[in-house]
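# Structural overview for review
One-letter residues, chain by chain:
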Amino acid sequence: MTESALTAPASAPRSVPWRWIAGVLGFAVLVVVARVMAKEAGHLRYADVMAAFADIPTRSLMLAALATLASFALLPGYDALALAYVQHALRLRKIAFASVAAFGVSQTLGFAALTGGSVRARLWSAWGLDTAQITRAAAFAFWTSSAGFMALLGVVGLTEPTASLERLRLAPILVRSAAVLVLVITALYIGWCARAGGSARRVRGVEVRVPPVGLVVRGLLLSATDWCLAATVLYVLLPDGIDIRFTAFVGLFLIAHLGGLISHVPGGLGVFEAIMVLELGHTQLSGELLASLLAYRIVYYFVPFVIAVGMLTARELGAHRRRLVVGASSMAQGIGRWSEPIVPSAIGVMTMGGGAVLLVSGATPALPSRVAALLEILPLGLLEVSHFTGSFVGAMLLMLGYALTRRLDAAWHSTRALLVVGIGATLLKGFDYEEALALGVVLLFLSLNREAFHRRSSLLAEPLTPEWIVAVVAIIGASVWVGVFSFKHVEYSADLWWRFAERGDVPRFLRASVGAVGAIALIATARLLRQSAQRLTPPAAETLAAVRAMLGSLEDTTASLALLGDKQLLLSERGTGFLMFGVSGQSFIAMGDPFGTEADRQELGWQLRYLADANGASIAFYEVSAASLAMCVDLGLTLLKIGESAAVPLAGFSLDGGARRGLRRTHGSLTKLGATFEVVDASCVADLMPDLRRISDDWLLSKSAREKGFSLGRFDPDYLVNFPLALVRIDGRLVCFANLWCGDGHELSPDLMRYSADAPPSVMEFLFVSLMLWGREKGFARMNLGMAPLAGLQSHRSGPLSQRLGAVLYRHGEHFYNFQGLRSYKDKFDPVWEPRYLACEGGLALPGIITNIASLISGGISGLVTR
């Protein structure tokens with residue numbers, strides 16, 4: 001980074017700590033789960049659970065695998081129905097690929113609407129679906145699964161005998177009442193779809209297309225069958241001593257899943273198990289039940305997750321090879337690039353899982369036969385060191401997992417090295433080849449996705465999220481709890497710490513726990529001692545000089561806004577690119593695209609992300625072009641179209657022909673009135689400043705307007721002297737001016753445009769026409785007329801809400817801004833319209849970000865309600 005723009009000022013924005021609250025609540029849920037498990041299974045020993053796991057019949061495992069296969073075979077049905085709902089056809093193999101990959105990832109990572117939706121959006125967008133179709137289809141698939149879940153829960157609750165409910169510690173009257181309510185709502189929904197299917201209806205102020213009743217019924221049946229198969233996976237794994245009707249078990253299974261969803265713990269891990277143990281476990285069979293739950297997690301969650309990540313990786317490898325062979329457009333490369341968000345996130349979670357495996361391995365007893373075999377060829381000291389190293393590496397992997405989700409280059413190298421060390425440690429401490437194989441899978445996926453981790457940043461510079469901090473603490477705590485659980489039959493004594501022996505599992509666990517906690521403490525201390533960042537200050541003179549030197553070589557003339565002085569500037573490490581941004585409220589908002597090479601743009605985007613994260617702020621990119629969409633997706637931002645920018649090709653521009661009759665008439669009439677046009681060099685601007693100020697003040701007074709900023713120029717002598725001026729005089733009196741952005745000679749763009757009250761009404765049109773003719777003679781390829789806010793947004797009933805709200809504001813927001821008039825005026829010149837986007841964090845943060853952008857442009861909150 002450059003400049004002192006490394007952190008916010010003392011009054012830096014601080015958001016309400018909802019993420020900390022959610023993280024602490026999640027940790028509290030895990031504590032409750034641990035207490036329940038300790039109470040229900042406190043009498044067990046680790047060896048009992050592992051023995052029960054080893055004794056699970058092969059037949060049961062095969063049946064569970066078949067039920068899992070059947071469940072996943074049904075998954076494409078969700079996407080097929082969703083695509084039918086949005087009336088977009090895809091080949092069956094594509095439907096199946098997207099569905100299996102989405103469910104495989106979302107089941108393990110949790111937050112299905114977000115993670116599964118991200119996978120679907122990535123694949124569907126590459127296959128031709130637009131944003132509106134993706135949003136509606138993903139929502140329909142998620143709703144179909146949820147509606148079937150609730151309907152099945154209602155049927156089970158209504159039909160299950162009272163005796164079964166009482167045995168499961170559920171109050172029958174409450175279950176029956178809830179079941180009736182759920183089924184009534186389901187029936188009303190079906191009836192509504194039967195009556196209004198295919199038409200648009202307003203639901204809570206939002207217009208939606210009511211799905212045909214046939215799709216709804218098929219979706220409910222599909223979802224109910226899918227959930228029954230999912231329950232079957234665990235049902236066939238249950239120990240023989242647990243005698244429960246399948247229908248009753250399905251109800252309990254759904255309730256346990258519902259508890260996991262409410263807890264927001266990824267995959268409901270721990271919460272689901274606690275509910276199952278609480279309802280089904282008893283003293284004689286607790287060990288067997290825990291073993292069954294462990295097998296269920298492996299068969300139904302872990303294996304599909306590995307397969308799904310492998311599918312996505314293989315697809316990206318194929319896409320990458322095709323791009324190398326045949327090339328592609330920049331947009332296609334952006335959409336299909338390695339920086340696709342789900343791959344680094346998934347590998348980061350897998351790495352964290354690998355760390356957890358090492359920690360749990362260090363907290364559990366090794367197989368005596370393997371240890372004895374190792375000690376025949378290795379010294380005891382090497383085994384002790386390997387055991388300690390494995391737990392230390394496990395703790396480090398927990399922290400590196402987060403750095404991988406941030407796509408850090410250093411994290412990729414460090415994780416790869418530590419995984420190799422971890423594999424060696426697991427083999428040398430007890431020949432745990434199963435754990436080594438799991439780490440090898442993580443290493444394979446990490447190695448295949450090298451290009452996803454391209455950010456160059458310090459590992460200690462990335463701010464940890466509250467959720468990740470809580471997760472790391474929870475895993476460390478869980479590993480210690482597992483060790484205590486495994487060795488609770490051994491009486492503690494101080495000399496255990498210094499005991500080294502072949503059967504020294506307890507001493508090794510104690511030392512390994514200290515190593516793991518020490519590794520986390522070491523990282524925490526290093527982060528606390530890192531140099532504190534500086535305050536945001538106005539750009540230094542040398543920074544402005546460096547940016548000014550770049551402007552002449554940049555094709556995009558919007559870069560000239562950097563000289564306005566109301567924005568912070570970030571320079572790339574090579575000094576060949578820059579990014580300008582403003583701070584408002586709780587948002588760091590970049591103006592336009594980052595400038596420079598592709599490497600510069602990526603680096604600058606992540607610089608802004610880090611800067612905002614360090615100050616508890618959100619980020620946004622305002623008025624970005626299609627060229628920056630891939631970078632914005634890489635940063636995890638939501639894209640909203642906010643308007644279109646107009647550019648007039650100058651090579652063929654003239655006033656000849658019938659289509660130019662109006663422009664020709666305006667130009668001719670003002671010429672007869674004595675209007676003249678000229679462009680003066682920037683060196684002459686200072687001498688004209690009194691006349692320019694007179695015109696500017698006159699214009700502001702006549703328009704009852706105030707100066708704007710951020711995304712457009714304002715009247716500031718220090719700013720205007722940087723540019724040439726286009727002038728219009730009538731009989732020698734200056735009546736109109738515009739400063740010009742010229743860039744590298746490719747694009748010409750007027751910025752601040754003002755005219756006096758006594759100027760003819762069509763003076764601006766005369767200025768534009770004259771400037772286009774002048775630009776053509778000077779060899780400019782095009783003239784940029786700037787953006788028409790909210791132009792081009794569609795108001796279709798089935799379109800995204802943001803698009804329809806923007807279209808309404810475009811039609812009726814004239815009090816705040818002349819949206820329609822601006823678009824119509826620019827259309828006179830037959831420009832080429834190019835879309836512009838707002839890239840920002842979506843959800844509840846969006847209204848605040850939009851307000852902060854408006855505040856920056858209007859010069860403060862008061863400017864939002866005045867012109």
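None of these values were measured; they are calculated from a predicted model.

## Thoughts on the overall build of the protein chain
Helix and strand counts for the protein chain stand at 31 helices and 13 strands. Looking at the protein chain residue by residue over its 867 residues, the buried ones come to 51%. A separation threshold of at least 6 residues defines the contact pool for the protein chain, and within that pool the share at least 24 residues apart is 74%. Just so you have it, the protein chain exposes about 38,100 Å², and 64% of that area is on carbon and sulfur atoms.

## Overview of the packing of aromatic side chains
Across all of its chains, the model carries 16 aromatic pairs by this definition. Judged by centre distance (5.7 Å) and plane angle (75°), the rings of Tyr296 and Tyr301 are edge-to-face. An aromatic cluster is built from Phe72, Tyr235, Phe246, Phe249, Phe253, Tyr296, Tyr300 and Tyr301, whose rings are joined through pairwise contacts. Directly above the aromatic system of Tyr301 lies the positively charged group of Arg297, at a separation of 4.5 Å from the ring centroid.

## Comments concerning the packing of helix α9 (residues 172–196) against helix α10 (residues 213–235)
At a minimum axis distance of 8 Å, the contact between α9 and α10 shows a crossing angle of 150°. Between α9 and α10, the crossing angle belongs to the class labelled roughly antiparallel. Seen from α9, the contacting residues are Thr186, Tyr189, Ile190, Cys193 and Ala194; seen from α10, they are Val213, Val216, Val217 and Leu220. Its residues placed into classes, the contact of α9 with α10 shows 8 nonpolar, 1 polar and no charged.

## Points about the pattern of salt bridges
Overall, the coordinates contain 16 salt bridges when judged by the stated rule. A salt bridge links Glu598 to Arg601; the nearest nitrogen and oxygen atoms lie 3.8 Å apart. Pair noted here: Glu598 and Arg601 are both in helix α23 (residues 598–614), with a separation of 3 residues, about one helical turn. Under the relative-accessibility criterion, Glu598 is labelled partly exposed at 43%. Overlapping salt bridges bring together Glu747, Arg782, Glu834 and Arg836 as one network.

## Focus: the side chain of Ser60
By the secondary structure assignment, Ser60 is in helix α3 (residues 58–74). Setting aside residues up to four positions removed in sequence, Ser60 forms contacts with Val236 and Leu237.

## Considering the environment of Leu294
Tracing the backbone shows Leu294 in helix α13 (residues 286–326). The sequence separation of Leu294 and Leu234 amounts to 60 residues, and the corresponding C-alpha distance is 9.8 Å. Setting aside anything within four residues of it in sequence, one finds Leu294 in contact with Met50 and Phe53.

## Observations regarding the packing of helix α25 (residues 661–672) against helix α28 (residues 763–777)
At their nearest, the axes of α25 and α28 sit 9 Å apart, and the two run at 105° to each other. The angle between α25 and α28 places the two elements in the roughly perpendicular class. Contact residues: α25 offers Gly662, Leu663, Thr666, His667, Leu670 and Thr671, while α28 offers Val763, Glu765, Phe766, Val769 and Ser770.

## Details of a nonpolar patch on the surface
Together, Met50, Leu294, Ile298, Phe302, Val303 and Ile307 make up an exposed nonpolar region whose accessible area comes to about 470 Å². Per element, the largest residue contribution to the nonpolar patch is 5 residues, and it comes from α13. Looking at the secondary structure, you find Met50 in helix α2 (residues 46–54).

## What to know about empty space enclosed by the protein
Gaps between atoms show up when a probe of the same size as a water molecule is rolled over them. For the structure shown, the criterion picks out 4 cavities of 30 Å³ or more. If you go around the largest cavity, the residues you meet are Leu359, Gly362, Ala363, Ser391, Ile476, Ser479, Val480, Phe509, Ala512, Ser513, Ala516 and Val517. The residue inventory of the lining of the largest cavity, partitioned by class, reads 8 nonpolar, 4 polar and no charged. Approximately 50 Å³ is the volume attributed to the second largest cavity. Lining the second largest cavity we find Phe140, Trp143, Thr144, Ala147, Tyr189, Leu215, Val216, Gly219 and Leu220.

## A few points about helix α18 (residues 409–430)
For α18, which comprises 22 residues, the first-to-last C-alpha distance of 32 Å matches the rise-based estimate of 32 Å (1.5 Å per residue) to within 8%. With its phi angle positive at about 50°, Phe431 sits one or two positions after the end of α18.

## Some details on the environment of Leu773
Assignment of secondary structure puts Leu773 in helix α28. Between the alpha carbons of Leu773 and Ala651 there is a distance of 9.7 Å; along the sequence they are 122 residues apart.

## Structural notes on the confidence of the model for the protein chain
Interpreting fine coordinate detail is not advised for predicted regions of low pLDDT. On average, residues of the protein chain score 76 in pLDDT, and 72% of them are at 70 or above. Confidence over residues 1–17 falls short of pLDDT 50; this stretch has 56 contacts with residues more than four positions distant or in other chains. When the criterion is pLDDT under 50, residues 861–867 qualifies, and its contacts beyond four places in sequence or with other chains add up to 18 contacts.

The rules behind each value
- Residues numbered from 1 in each chain as written.
- Predicted model: local features only at pLDDT ≥ 70, side-chain atom pairs only at ≥ 80, totals over all residues.
- Heavy atoms only, no water.
- Helix = DSSP H or I, 4+ residues; strand = E, 2+ residues; numbered from the N terminus.
- Buried < 20%, exposed > 50% of the residue type's maximum accessible area, 1.4 Å probe, protein only.
- Contact = heavy atoms within 4.5 Å.
- Areas by Shrake-Rupley, 256 points an atom, 1.4 Å probe, with all protein chains shown as cover.
- Phe/Tyr/Trp six-rings, centres within 6.5 Å; stacked < 30°, edge-to-face > 60°.
- Lys NZ or Arg CZ within 6 Å of the ring centre and 35° of its normal.
- Axes fitted to C-alpha atoms, helices over the stretch in contact; angles between N-to-C directions.
- Parallel < 35°, antiparallel > 145°, perpendicular 65-115°, else oblique.
- Nonpolar A, V, L, I, M, F, W, Y, C, P; charged D, E, K, R; others polar.
- Salt bridge = Lys/Arg side-chain N within 4 Å of Asp/Glu carboxyl O.
- Patch = residues over 30% accessible without salt bridge, like charges linked within 9 Å, V, L, I, M, F, W, Y side chains within 5 Å.
- 1 Å grid on protein atoms, 1.4 Å probe; cavity = no way out; pocket = protein on both sides within 12 Å on 5 of 7 lines; lining within 4 Å.
- Points joined across faces, edges and corners; volume = space filled by probe spheres on them.
- Expected span 1.5 Å × (residues − 1).
- pLDDT = per-residue confidence, 0-100.

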